[in-house]
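Secondary and tertiary structure notes
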Amino acid sequence: MLTDRLTFPGRPTVPAALRSLSAPESPDTIHRVQTPAAIDHIGIGVPDLAGAKRYYDGFVAMVGFTEWFPADEHQFNYGPAGAAGTQIFFYRADEPGAYSRRGTGLQHLAFTVPDRAAVRRAHEWALERGSDVVHPPRAFPEYGEHAYATYFLDPHGIMLEVVSHAAEAHDGTA
């Protein structure tokens, strides 16, 4: 397996399983495993970068993402907390235009969480912020036996999905 070493100050430590892929490194070194097919990152333009950052700073913590690079007036970024994986960059949109998930382009972003309780917490979080809810938490058997998700819109109209593929816990906690 090929790896390359990327170092980002303040970035979370990688799990031991990934750290063991090559020589020892400092705690702020992340190994990115090269695979035949993977999405490295997604870039999204938004008209209000500061507003998007305020919204997403709260959201990403619930779905296991964290800021990987320092934000500036042109962009901010998140990636999986403590692990290599697909990152999301938000950029200041320099050209006017309305976003529509029903048009050509990005339809929605989906985030996997460990259990159904996390899906319900994300739904409550979205309601507390006045986000438009497209689908409250419910089972989506057409997407898998245990698929359970909620969908809502961010302040710019981008649809976010929070989904768990874990079975319902029998003790009622998930």
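Up top is the structure.
Residues numbered from 1 in each chain as written. Predicted model: local features only at pLDDT ≥ 70, side-chain atom pairs only at ≥ 80, totals over all residues. Heavy atoms only, no water.

Turning next to the packing of helix α2 (residues 49–62) against helix α3 (residues 116–128). At their nearest, the axes of α2 and α3 sit 10 Å apart, and the two run at 165 degrees to each other. The orientation of α2 relative to α3 falls into the category roughly antiparallel. Two packed elements cross with a definite hand, and for α2 against α3 that hand is right-handed. Where α2 abuts α3, its residues Y55, G58, F59 and M62 lie against R121, A122 and W125. (Axes fitted to C-alpha atoms, helices over the stretch in contact; angles between N-to-C directions. Helix = DSSP H or I, 4+ residues; strand = E, 2+ residues; numbered from the N terminus. Parallel < 35°, antiparallel > 145°, perpendicular 65-115°, else oblique. Left-handed = near helix turned anticlockwise from the far one by under 90°. Contact = heavy atoms within 4.5 Å.)

On to the sheet that holds strand β5 (residues 75–80). An order of β3-β6-β5-β4 is seen for the four strands of this open sheet, with the pairing classed as mixed. Taken across any chain shown, the strands that pair with only one partner, and hence form the sheet edges, are β3 (41–46) and β4 (65–67). Neighbour-to-neighbour, the strand axes of the sheet open up by a mean angle of 25 degrees, direction not taken into account. Across the sheet, α2 is in contact with β3, β4, β5 and β6 (87–92); its angle to β5 comes to roughly 10 degrees. (Pairing = 2+ DSSP bridges.)

Turning our attention to the packing of aromatic side chains. Working definition: an aromatic ring pair is given by the centre-to-centre distance plus the angle between the planes. Inspection of the entire model under this criterion finds 15 aromatic pairs. Ring centres 5.5 Å apart and planes at 75 degrees place the aromatic pair Y55 and Y56 in the edge-to-face group. The pair formed by Y55 and Y56 is uniform in burial state, with each residue classed as buried. Centroid distance F65 to F111: 5.4 Å. Interplanar angle 80 degrees. Geometry classified as edge-to-face. In this pair, F65 sits in strand β4 while F111 sits in strand β7 (residues 108–112), placing the two residues 46 residues apart along the sequence. Relative accessible area serves as the criterion here: at 17%, F65 is assigned to the buried category. Taken together, Y55, Y56, F59, F65, F76, Y78, F90, F111, W125 and F152 form an aromatic cluster joined through their ring pairs. Taking the ring centre of F140 as reference, the NZ or CZ of R138 above it sits at 3.7 Å. (Phe/Tyr/Trp six-rings, centres within 6.5 Å; stacked < 30°, edge-to-face > 60°. Buried < 20%, exposed > 50% of the residue type's maximum accessible area, 1.4 Å probe, protein only. Lys NZ or Arg CZ within 6 Å of the ring centre and 35° of its normal.)

Let us look at the sheet that holds strand β9 (residues 148–153). With mixed pairing, four strands are arranged side by side in an open sheet as β7-β10-β9-β8. Only two strands of the sheet have a single neighbouring strand rather than two, namely β7 and β8 (133–139). Averaged over all pairs of adjacent strands, the angle between strand axes in this sheet comes to 15 degrees, irrespective of strand direction. Summarising the sheet, β7 and strand β10 (residues 159–164) pair through five bridges and their orientation is parallel.

Bringing the pairing of β9 into the picture now. The element β9 is extensively covered by neighbouring structure, given that six of its six residues are classed as buried. Taking every second residue as pointing to the same face, both faces of β9 are buried, with Y148, T150 and F152 on one and A149, Y151 and L153 on the other. As defined by bridge partners, β8 adjoins β9 across four bridges and the pair is classed as antiparallel. Across the sheet, residue V133 finds its bridge partner in β9, namely F152.

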